[in-house]
Amino acid sequence: MKIGVISADSASEKRVALTPDAVKKLRKLGFEVVIQSGAGQAAYYADELYQAAGADIANSSTEVVKQAQIITTVNDLPAAVTEHLTAGQVVIGMLDPYRNSQLDTYAAKGATAFAMELLPRTLSRAQNMDVLSSQANLAGYKAVLLAANEYSRPFPMFMTSAGTVKPAKVVILGVGVAGLQAIATAKRLGAVVEASDLRPAAKEQVESLGGKWLDVPMSEDEAQKAKATGGYAWTPSEQYIKDQAAVVDKALSNADIVITTAQIPGRDAPRLVHGATLAKMKAGSVLIDMAAGTGGNVEGSVPDETITTPNGVRIVGAANIPSQLAAQSSDLYANNLVNFITTLMAPAATDDASAKTLALNLDMNDEIQGALAVTHDNQVRLAKR
Ligand code: NAI
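Every chain's residues receive numbers from 1 upward, in the order its sequence appears when written. Predicted model: local features are reported for residues with pLDDT of at least 70 only, side-chain atom pairs are reported and counted for 80 or more only, and whole-chain, interface and lining totals are derived from all residues. Heavy atoms from the whole structure form the basis of all side-chain values; hydrogens and water molecules are not counted.

Next up on the list: helix H7 (residues 177-188). Here H7 contains twelve residues, and its C-alpha end-to-end distance of 17 Å stays within 8% of the 16 Å for a straight helix at 1.5 Å per residue. Burial classification: accessible surface area is computed with a 1.4 Å probe over protein chains only, and a residue below 20% of its type maximum counts as buried, one above 50% as exposed, and the rest as partly exposed. Strands are runs of DSSP state E lasting at least 2 residues, helices are runs of H or I lasting at least 4, and numbering of each runs from the N terminus. Those residues of H7 that fall on the buried side of the exposure criterion are Ala178, Gly179, Gln181, Ala182, Ile183, Ala184, Thr185 and Ala186. The contact rule is simple, with two residues in contact once any of their heavy atoms fall within 4.5 Å. Taken together, the buried residues of H7 touch helix H6 (131-150), strand E9 (169-173), strand E10 (192-196) and helix H8 (202-208). Where H7 terminates, the next one or two residues include glycine 190, which has phi positive at roughly 95 degrees. The span you would expect from a helix comes to 1.5 Å times its residue count less one.

Rendered as structure tokens:
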């Protein structure tokens, strides 16, 4: 059984789907691996490291697709690669399923495409395959460093003979995996942190990290809804959105740094910071919009660009922060993929560590495979949101 790695086709994506360490693990399990030449270069993994780990190097993506039964990728496959898929091949990656325009092609080719973002996250046996968590954790950390770099004052309090330096005031909006790591990182740098989320369960987590919870009033009905969504965001009422905007407005008028992380799987990100609030913020304050790639939490943010408002507020449209930590984010992503790939094999075959005897055991009734497969048996299987 051969596993292929296709190179990202965008300069803004530096990650690679499998690392040399992952290749070693897969070789031990009896797989063969073929890597498109240069696929790991931007994450500091040269072809020679893959060769030393036991992978073959292919000169083109077409060659990888020709040889491999399982094809791994970071984002969706380039269209020129999808064209060459054949029936029975498996594609695994962060396929951005709800905005993916190639699902019909995957289905028509007879490929089984697994979108890693659809993992059932509360399932304990799936946690070591959770790419959203592994990438968001690193992104939350790096977002704080990006903000610190853009900000023209320090984060910690300093007492110096020339005067006292006040700690930076940081506000985090959206306290999932990325937001929690952002709080922890900002606290470690000595900032004063406030945070908010529409999941009431996040309050305790914020406080346990030393942050102050920004409370938005919630009706009894909304509190019930919040409990029933399995940890994901619920759809807030107009009243909640209005109250939230007022809380955000007050907090941001005083803030030095704002990091927004709010996403809704399969939908555009909610707008949390409006122009009227930006206009009240201090010159030199910095916003990092981690949802810039999915519509943006901050009015006016532009993916992969930093803009400055007329009153001197800088808005960083951080569409793909994990790519900025490509070596580490690739390591964790590759581990997630190896853990998933091993579950796709027939149990009898994995007992025998010989490449020839490994067999795919695709089973749409399996709760992980069934949740991740967006195409199988020539059908698109993605439920509408
Ligand atoms: P995400 O990336 O989908 O969104 C980030 C945060 O923004 C979430 O906390 C969400 O509630 C919040 N948000 C969305 N819309 C908002 C709005 N309009 N106003 C304010 N906040 C808003 O979140 P992530 O990090 O993917 O986590 C999603 C959920 O999955 C969380 O409940 C998290 O605790 C849970 N989770 C559970 C795991 C487990 O049980 N093993 C592992 C990872 C995540």
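Quick look at the sheet that holds E9 now. With mixed pairing, seven strands are arranged side by side in an open sheet as E11-E10-E9-E12-E13-E15-E14. Two strands close off the open sheet at either side, each with one partner strand: strand E11 (212-213) and strand E14 (306-308). Following DSSP output, two strands are said to pair if at least two bridges run between them. Note: strand E12 (residues 257-260) against strand E13 (residues 286-289), four bridges, orientation parallel. Each bridged residue has a counterpart across the sheet, and for isoleucine 257 the counterpart in E13 is valine 286. Axis geometry follows a simple rule: fit a line to the C-alpha atoms, using only the stretch in contact for helices, then measure angles between N-to-C directions, giving values from 0 to 180 degrees. In this fold H6 packs onto E12, E13, E14 and strand E15 (314-317), with an angle of close to 150 degrees to the strand it touches most, E13. The sheet strands contacting helix H10 (residues 238-253) are E9, E10, E12 and E13, and the helix crosses E9 at an angle near 155 degrees.

Here the focus is the site of the ligand. Residues are classed as near a molecule or strand on a simple rule: at least one heavy atom within 4 Å of it. Near the ligand you find 21 residues, and of these Arg121, Gln127, Val177, Asp197 and Gly231 are the closest. Polar contact criterion, stated in full: a pair of N or O atoms within 3.5 Å, where within protein one must be able to donate a hydrogen and the other to accept it, and residues adjacent in sequence count only if both atoms are side-chain atoms. One of the side-chain N or O atoms of aspartate 197 is found 2.6 Å from an oxygen atom in the ligand. Where accessible areas are quoted, they stem from the Shrake-Rupley method and a 1.4 Å probe; at the residue level, only the protein chains shown are allowed to cover. Coverage of the ligand by the protein chains reaches 83% of its 830 Å² of free accessible surface. Broken down by class, the residue content of the shell around the ligand amounts to eight nonpolar, nine polar and four charged. Amino acids are sorted into nonpolar (Ala, Val, Leu, Ile, Met, Phe, Trp, Tyr, Cys and Pro), charged (Asp, Glu, Lys and Arg) and polar (every other residue, Gly among them).

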